[in-house]
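Now for the letters of each chain:
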Amino acid sequence: MTNPLYDAVLGQHATREDVLLYLPDGGTISYAEMAARVARFAGALAEIGLQKGDRLALQVAKSPDALALYLACLRSGVIFLPLNTAYTPEEIGYFLDNAGPGLVVCDPEAATALQPVADAANARLLTMEASGAGSLAEAAAKSTPANTVTPCDSDDLACFLYTSGTTGRSKGAMLTQGNLLSNAQSLAGIWRFTAEDVLLHALPIFHAHGLFVACNVSMLRGGAMIWLPSFSVDAVLEALPHATAMMGVPTFYTRLLDAPAFDRAQAGHMRLFTSGSAPLRAETHVAFRERTGHAILERYGMTETGMNTSNPYEGDRRAGTVGLPLPDVEVRITDPETGAELAQGETGMIEVRGPNVFKGYWGMPEKTAEELRADGFFITGDLGQISADGYVSIVGRQKDLIISGGYNVYPKEVERVLDAQQGVGESAVIGVPHRDFGEAVVAVVVAAEGATPDPEALRAEAGARLARYKLPKQVIVIDALPRNTMGKVQKNVLRESYAGLFDGSA
Ligand code: MCA
Ligand code: AMP
């Protein structure tokens, strides 16, 4: 193979007329049509001057062209850097500065705000609309389609995905072709994907879940996807009778359960529902099974590693566990302080090793060394245990992280923004149980001396700098943060105090 990942997900199907995407307007795109589109984009990338190893950053609405651009980057050996559409220009500025992309692609309406940011990073800016219009599409229409596939090997970088950290500064996880391909092969195998499958795709495609777990697995086997622009209960209910599988975050499942129209008949054509990116509550698992007869298959992964464990396709899908290590992944539990391996059944740090584990953080060798051990094990920051029969359960997180609706929010990043605001002395950002998002971001603020900050004004100001999903759903002003004898803020005390804040949350 000349380009293992591209050949596996598209190259091998490039002449097939079978449907790849079912679109919301009733149209379809076949594998052959996608391959032709990808060749045009690859031609345009070459004409723009992007070469193997260069970076392309993309912040656009989900569309067939966004998928085509991902595939064109794979084909050209260009490193693909997808960015959450919620990120603000300030957040994007950091990623561009860090990754040094040659080309940035954004929605036309974001171009004015992003042009200075792209200029500051010496990157060219082109646009792409969900409809297929935009300056990149124009360049692609005029380009000579690429007629060669850029040779790559498994160790070549395919994508950067940025993931925040406890210090509040994002790190670019470098994922190789081999990382992504090995994981797609494992998942397609254990989840029994075939060319007959129709995957209901309602996830965003700027994260590992929607792009790698969903698209790579489906395309590897030559299956089709019902391509929804985003998750909506109505659209999912309409599509389910035509689909065989769906991958979702827990919020998808709780929202479906809230819909009275969702029943056993609706899910009757489905063979598989998977869940991940955040803990699936055992009650949700049980309620879903009662309503539909399907046991949601929960799996566990991370940006840096792709998927690590999965409940079995055949066998016991155990609620509250994330299942068994993938066939090519090793999982061990270690003492979080010493790193020593713990005895079976004990609770400690989950560490993973395998061909799925990333190459490190772009330009941050010291961060890489902190999390990736010399023996190849990655320290996940998740705390867990393994049962006698091999099922992994996640019991907590050592990293100070909030997962809201499947999106990660690092409190430090939000605290830094709040602390810089007028009238704020200090802040502590916590995750509080939320029925819809699993956890919701809440900020507890102490006023600066003599100030009386208005919580709504603080929220509004932070909203200009932070992606909306990171924005505290509520800001609470109190007199003093609880601290232990060492002076450390006791976030557990705050979490307990505000645990019922969203009891009535929709
Ligand atoms: C939207 N909002 C949120 C979230 N999403 N607030 C907190 N948490 C969220 N996740 C806010 C918006 O900013 C807006 O606020 C309001 O909710 C409505 O926005 P809307 O876009 O209509 O929201 P939605 O369509 O209801 O979206 C909720 C969602 C979405 C469907 C759960 O967040 C989603 O698709 N999540 C999936 C995330 C995902 O793919 N994660 C994978 C990463 P305002 O009104 O204030 O503006 S993790 C991963 O890849 C690893 C490897 C893994 O294991 O999978
Ligand atoms: P990210 O790197 O942004 O994809 O987030 C990865 C983190 O999401 C993991 O380290 C876990 O804390 C969490 N996560 C992913 N899947 C699950 C799951 N099934 N159950 C609990 N936590 C999960």
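Residues numbered from 1 in each chain as written. Chains lettered and ligands numbered in written order. Predicted model: local features only at pLDDT ≥ 70, side-chain atom pairs only at ≥ 80, totals over all residues. Heavy atoms only, no water.

**Student:** Quick one: what's the story with the sheet that holds strand β1 (residues 19–22), residue by residue and with numbers?
**Tutor:** Taken in spatial order, the nine strands line up as β2-β1-β10-β9-β11-β12-β13-β14-β15 in an open sheet, and their pairing is mixed. Each edge of the open sheet is held by one strand with a lone partner, namely β2 (28–30) and β15 (324–325). Where β1 and strand β10 (residues 224–227) come together, two bridges link them in parallel fashion. If you follow Leu21 over to β10, its bridge partner there is Met225. Where helix α2 (residues 31–48) meets the sheet, its contacts fall on β1 and β2, and the angle it forms with β2 comes to roughly 75 degrees. (Pairing = 2+ DSSP bridges. Helix = DSSP H or I, 4+ residues; strand = E, 2+ residues; numbered from the N terminus. Contact = heavy atoms within 4.5 Å. Axes fitted to C-alpha atoms, helices over the stretch in contact; angles between N-to-C directions.)

**Student:** Before we move on, could you go through the site of ligand 1 and cite the residues and values that matter?
**Tutor:** Surrounding ligand 1, one finds 24 residues, the nearest of these being Arg255, Ser277, Arg299, Ser404 and Lys473. Here Gly405 contributes a backbone N or O atom positioned 3.0 Å from a nitrogen atom of ligand 1. Contact distances for ligand 1 include 3.0 Å between an oxygen atom and a side-chain N or O atom of Arg468. For ligand 1, whose unbound accessible area comes to 1,000 Å², protein coverage reaches 74%. When contributions to the shell around ligand 1 are tallied by element, the ones reaching two or more residues are α8 (208–220), α10 (250–258) and β13 (297–302). A class-by-class count of the residues in the shell around ligand 1 yields 11 nonpolar, nine polar and four charged. (Near = heavy atom within 4 Å. Polar contact = N/O pair within 3.5 Å; in protein donor to acceptor, adjacent residues only side chain to side chain. Areas by Shrake-Rupley, 256 points an atom, 1.4 Å probe, with all protein chains shown as cover. Nonpolar A, V, L, I, M, F, W, Y, C, P; charged D, E, K, R; others polar.)

**Student:** Describe in detail the site of ligand 2, supporting the description with residues and values.
**Tutor:** The immediate surroundings of ligand 2 are formed by 16 residues, with Arg299, Thr303, Asp382, Lys399 and Asn408 found nearest. Backbone polar atom of Ser277 to a nitrogen atom of ligand 2: 3.2 Å apart, as the coordinates give it. The contact in question runs from an oxygen atom of ligand 2 to an N or O atom on the side chain of Thr303, over 2.9 Å. Contact with the protein chains removes 90% of the 500 Å² of surface that ligand 2 exposes when unbound. The element that contributes the greatest number of residues to the shell around ligand 2 is β13, accounting for five residues.

**Student:** Please give an account of the environment of Ala245 that cites residues and values.
**Tutor:** Mapped onto the elements of the fold, Ala245 is located in strand β11 (residues 245–248). When the C-alpha atoms of Ala245 and Glu337 are compared, they prove to be 41 Å apart, with 92 residues separating the residues in sequence.

**Student:** Before we move on, could you go through the pairing of strand β9 (residues 198–201) and cite the residues and values that matter?
**Tutor:** Neither face of β9 is open: one carries Val198 and Leu200, the other Leu199 and His201, and all of them are buried. Note that β9 and β10 share four bridges and pair parallel. What sits directly across from His201, in β10, is Trp227. Chirality of the crossover, the property in question, places the unit of β9, α8 and β10 among those that are right-handed. Where β9 lies against β11, two bridges are found, and the strand directions are parallel. Looking across to β11, one finds that Leu199 is bridged to Ala245. (Buried < 20%, exposed > 50% of the residue type's maximum accessible area, 1.4 Å probe, protein only. Right-handed = clockwise from strand over helix to strand, strands pointing away.)

**Student:** So what's going on with the state of the cysteines? Which residues, and what values?
**Tutor:** Applying the stated criterion across every chain yields a total of zero disulfides. Cys73 takes part in no disulfide bond, and the closest cysteine sulfur, belonging to Cys159, lies 7.9 Å away. With relative accessibility at 0%, the residue Cys73 sits in the buried group. Of all cysteine sulfurs in the structure, the one in Cys159 sits closest to Cys215, which takes part in no disulfide; the separation is 11 Å. (Disulfide = S-S within 2.5 Å.)

**Student:** Residues and numbers for the packing of α10 against helix α11 (residues 282–292), please.
**Tutor:** Two numbers describe how α10 lies on α11: the axes approach to 10 Å, and their chain directions differ by 45 degrees. Classified by the interaxial angle, the pair formed by α10 and α11 is oblique. In the crossing of α10 with α11, the sense of the turn from one axis to the other is left-handed. Two secondary-structure elements touch here, α10 through Tyr253, Thr254, Leu256 and Leu257 and α11 through Thr284, Ala287, Phe288 and Arg291. Here the contact of α10 with α11 is composed, by residue class, of five nonpolar, two polar and one charged. (Parallel < 35°, antiparallel > 145°, perpendicular 65-115°, else oblique. Left-handed = near helix turned anticlockwise from the far one by under 90°.)

**Student:** Give me the packing of α2 against helix α6 (residues 135–142): which residues, what numbers.
**Tutor:** In the contact formed by α2 and α6, the axes pass within 8 Å of each other and the chain directions differ by 100 degrees. In this view, α2 runs roughly perpendicular relative to α6, as classed from their interaxial angle. Across the interface between the two elements, Arg40, Phe41, Ala44 and Ile48 of α2 pack against Leu136, Ala139, Ala140 and Ala141 of α6. Residues that form the contact of α2 with α6 fall into these classes: seven nonpolar, no polar and one charged.

**Student:** I'd love a proper account of the side chain of Asp197, names of residues and values included.
**Tutor:** Relative to the elements of secondary structure, Asp197 occurs in the loop between α7 (177–190) and β9. Note on Asp197: relative accessible area 5%, which makes it buried. Among the polar contacts made by the side chain of Asp197, one reaches the main-chain amide nitrogen of Thr194 at a distance of 3.0 Å. Sequence-distant contacts of Asp197, defined by excluding residues within four places in its chain, comprise Arg192, Gly223, Ala224, Thr244 and Arg271.

**Student:** Help me get a handle on the side chain of Glu298, residues and values and all.
**Tutor:** Along the chain, Glu298 falls in strand β13. One buried charge, Glu298, has no salt-bridge partner; the nearest side chain with opposite charge is Arg299, at 7.5 Å. Within the local environment of Glu298, its side chain forms a polar contact with the backbone nitrogen of Leu280, the two atoms lying 3.2 Å apart. Setting aside chain neighbours within four positions, we find Glu298 in contact with Ser275, Ala278, Pro279, Leu280, Ser310, Asn311, Thr321 and Val322. (Lys, Arg positive; Asp, Glu negative; His and termini not counted. Salt bridge = Lys/Arg side-chain N within 4 Å of Asp/Glu carboxyl O.)

Nothing here speaks to function; it is all geometry.
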